[in-house]
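# Survey of secondary and tertiary structure
For reference, the chains in residue letters:
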Amino acid sequence: QVQLVESGGGLVQAGGSLRPLCEASGRTLRRYTMGWFRQVPGKQREFVAAISWGGGNTHYADSVKSRFTISRDNVKNTVYLQMNMLKPEDTAVYYCAADRVGRSVMYVTEYGIDYWGKGTLVTVSS
């Protein structure tokens, strides 16, 4: 299986930026569709962004569209989430996710995810 490890979270002020990343080990990501989800304690995990295996197609939740950019480097087996213009409501644990079926980015949901990272905490203060 694939192991996913996130890093790059932290504490930032509103309007600032962070770029968490997800490193895969054990196997290459191959043609997996990759995504980011986030979760606040007591709330349901929600979709943030997804990217196709080649990186040519992306999809974002409306709440982060135009502010976040997902990208991947298949040589490094790494997925990134560039987060700009951060808002306090972006505060959450961010999870990297892999869909080995390689679904279209439009159909990535947590129910179709095969591998999860343990998460990296992002805190946005005002």
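Definitions and cut-offs
Residues numbered from 1 in each chain as written. Predicted model: local features only at pLDDT ≥ 70, side-chain atom pairs only at ≥ 80, totals over all residues. Heavy atoms only, no water. Buried < 20%, exposed > 50% of the residue type's maximum accessible area, 1.4 Å probe, protein only. Helix = DSSP H or I, 4+ residues; strand = E, 2+ residues; numbered from the N terminus. Pairing = 2+ DSSP bridges. Contact = heavy atoms within 4.5 Å.

The next point concerns the pairing of strand 9 (residues 92-99). For strand 9, a buried count of 7 out of 8 residues is recorded, marking the element as mostly surrounded by other parts of the structure. Where strand 4 (residues 33-39) meets strand 9, 7 bridges bridge the pair, whose relative direction is antiparallel. By the bridge assignment for strand 9, arginine 38 is matched with tyrosine 94. Of the pairings in the sheet, the one linking strand 9 to strand 11 (residues 120-125) comprises 3 bridges and is antiparallel in character. Considered in strand 11, the bridge of alanine 92 is made with valine 122.

Mapped onto the elements, asparagine 77 comes out in the loop between strand 7 (68-73) and strand 8 (78-83). Its relative accessible area of 14% is what places asparagine 77 among the buried residues. Through-space distance from the C-alpha of asparagine 77 to that of serine 25 is 7.8 Å; in sequence the pair is 52 residues apart. Not counting residues within four places of it along the chain, the set of residues in contact with asparagine 77 comprises Cys22, Glu23, Ala24, Thr28 and Leu29.

These figures come from the coordinates and say nothing about function on their own.
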